[in-house]
Amino acid sequence: MGSADERRFEVLRAIVADFVATKEPIGSKTLVERHNLGVSSATVRNDMAVLEAEGYITQPHTSSGRVPTEKGYREFVDRIHDVKPLSTSERRAILTFLESGVDLDDVLRRAVRLLAQLTRQVAIVQYPTLTASTVRRLEVVPLTPARVLLVVITDSGRIDQRIVELGDTIDDHELGQLRDRLAQALEGKPLSAASAAVAELAAQLDGTGGLSDAIGRAATVLVETLVEHREERLLLGGTANLTRNTADFGGSLRSVLEALEEQVVVLRLLAAQQEAGKVTVRIGHETEAEEMTGTAVVSTAYGSAGKVYGGMGVLGPTRMDYPGTIANVAAVALYIGEVLGSR
């Protein structure tokens, strides 16, 4: 790109930065005063005229300054080469806060609350998907001689507990056999394969009463547990942040709130994010949802050991601090994966 093009991008960058900070249209005089562009006001005005003709900025009102368009934001984001990393103290604070979560639900609740506070946008975290989770361990806890508690623990931190009425009493030896048979069918398998293995185990039982009946009852409960679609659950935080920027949505805030409530559009956007460590920015019409016009979604995936658990990110107006938001989304996703992967 030639020097004139580079200079015009610096003008665009300055317009984006000032508009995000002030919410006010930016004029050439303001740019010259605030930024060391190294050129005259006349040159800046010419550059702004070219940027406007090419669709990167627009003039919202006669005799006003310019504001970025979706195309302008897209160009700005595409040319963010180096995102300023969080400081050591900031990273430590995030990790400590997430590590304090007592279980998967608590960790994810903490994550959305933290991300909403850091970005001042709406934070969204998808529960770990079934297709990505593997059964790490099965615990069988005796409650009475005829009742046990099954605890399924996945590598993504999901913990499911179910009480099983065995129909008859079993002794400690049979309890050990029950645990071994179920664990052999489940542990180390993805949830879909584990569900099939448990169903097959129940079908292979030859006999009634005693251990066979107990295994069959436990298997039935486990199959129901393993096929629950928790990946369709989202946690939201900071929805009230949208009301701070009502004017940014051009009267479409209600449709944005409705889309968040229904979750379908947001789930689709997060489901498309399948690479941990890669942050995707969708601006305005790039969300491919009419109700999301005027918004931007910054998203990534979280996981551990090369395995993706789910998607997460933030939603806000297109007038957003993209470098800061990208850095915060990436950091929180990294530490969610570390915390869940270590449990």
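An account of the accompanying structure is given in this report. For clarity, every value in this text was computed on a predicted model and none was experimentally measured.

## With respect to the overall build of the protein chain
When you go through the protein chain residue by residue, the secondary structure sums to 12 helices and 10 strands. Relative to the 2.2 N^0.38 estimate, which gives 20 Å for 343 residues, the radius of gyration of the protein chain is 26 Å and therefore markedly larger than a compact globule would have. In terms of overall dimensions, the protein chain has a C-alpha envelope of 90 × 40 × 35 Å along the principal axes. For the protein chain, the proportion of its 343 residues judged to be buried stands at 49%. In the protein chain, of all internal contacts separated by at least 6 residues, the share reaching a separation of at least 24 is 60%.

## A word on the sheet that holds strand β7 (residues 234-237)
The strand order across the open sheet built from five strands is β7-β3-β10-β9-β8, with neighbouring strands paired in antiparallel fashion. Because the sheet does not close on itself, it has two edges, and the strands there are β7 and β8 (280-283). Here the average twist between neighbouring strands, direction ignored, is 20 degrees. Pairing geometry for strand β9 (residues 295-304) and strand β10 (residues 307-317), over 10 bridges, is antiparallel. Looking across to β10, one finds that Val-298 is bridged to Val-314.

## Let's talk about the packing of helix α6 (residues 104-119) against helix α12 (residues 322-341)
Interhelical geometry of α6 versus α12 gives an angle of 165 degrees and a closest axis separation of 10 Å. In terms of their interaxial angle, α6 and α12 are classed as roughly antiparallel. Crossing geometry of α6 relative to α12 is assigned as right-handed. The residues of α12 that touch α6, namely those facing Leu-104, Val-107, Leu-108, Ala-111, Leu-114, Leu-115, Leu-118 and Thr-119, are Thr-325, Asn-328, Val-329, Val-332, Ile-336, Val-339 and Leu-340. For the contact of α6 with α12, the class distribution of residues is 12 nonpolar, three polar and no charged.

## Section: the pairing of strand β3 (residues 122-126)
The buried count for β3 comes to five of five residues, which makes it a mostly enclosed element. Residues Val-122, Ile-124 and Gln-126 line one face of β3 and the alternating positions Ala-123 and Val-125 line the opposite face, and both faces are buried. Here β3 pairs with β10 via four bridges, running antiparallel. In the strand pairing of β10, Ile-124 is matched with Gly-313.

## Some details on the environment of Ala-301
Examined against the element boundaries, Ala-301 turns out to sit in strand β9. According to the relative accessible area criterion, Ala-301 is buried, its value standing at 3%. The spacing of Ala-301 and Pro-145 is 156 residues in sequence and 44 Å in space, taken between C-alpha atoms.

## A closer look at the packing of helix α7 (residues 172-186) against helix α8 (residues 191-203)
Two elements in contact, α7 and α8, have axes whose closest approach is 8 Å; the angle formed by their N-to-C orientations is 140 degrees. Considered as vectors, α7 and α8 are oriented oblique to each other. In contact with Arg-181, Leu-182, Ala-185 and Leu-186 of α7, α8 contributes Ala-194, Ala-197, Val-198 and Leu-201. Considering only residue class, the contact of α7 with α8 consists of seven nonpolar, no polar and one charged.

Basis of the calculations
- Residues numbered from 1 in each chain as written.
- Predicted model: local features only at pLDDT ≥ 70, side-chain atom pairs only at ≥ 80, totals over all residues.
- Heavy atoms only, no water.
- Helix = DSSP H or I, 4+ residues; strand = E, 2+ residues; numbered from the N terminus.
- Rg over C-alpha atoms; globule rule 2.2 N^0.38 Å.
- Buried < 20%, exposed > 50% of the residue type's maximum accessible area, 1.4 Å probe, protein only.
- Contact = heavy atoms within 4.5 Å.
- Pairing = 2+ DSSP bridges.
- Axes fitted to C-alpha atoms, helices over the stretch in contact; angles between N-to-C directions.
- Parallel < 35°, antiparallel > 145°, perpendicular 65-115°, else oblique.
- Left-handed = near helix turned anticlockwise from the far one by under 90°.
- Nonpolar A, V, L, I, M, F, W, Y, C, P; charged D, E, K, R; others polar.

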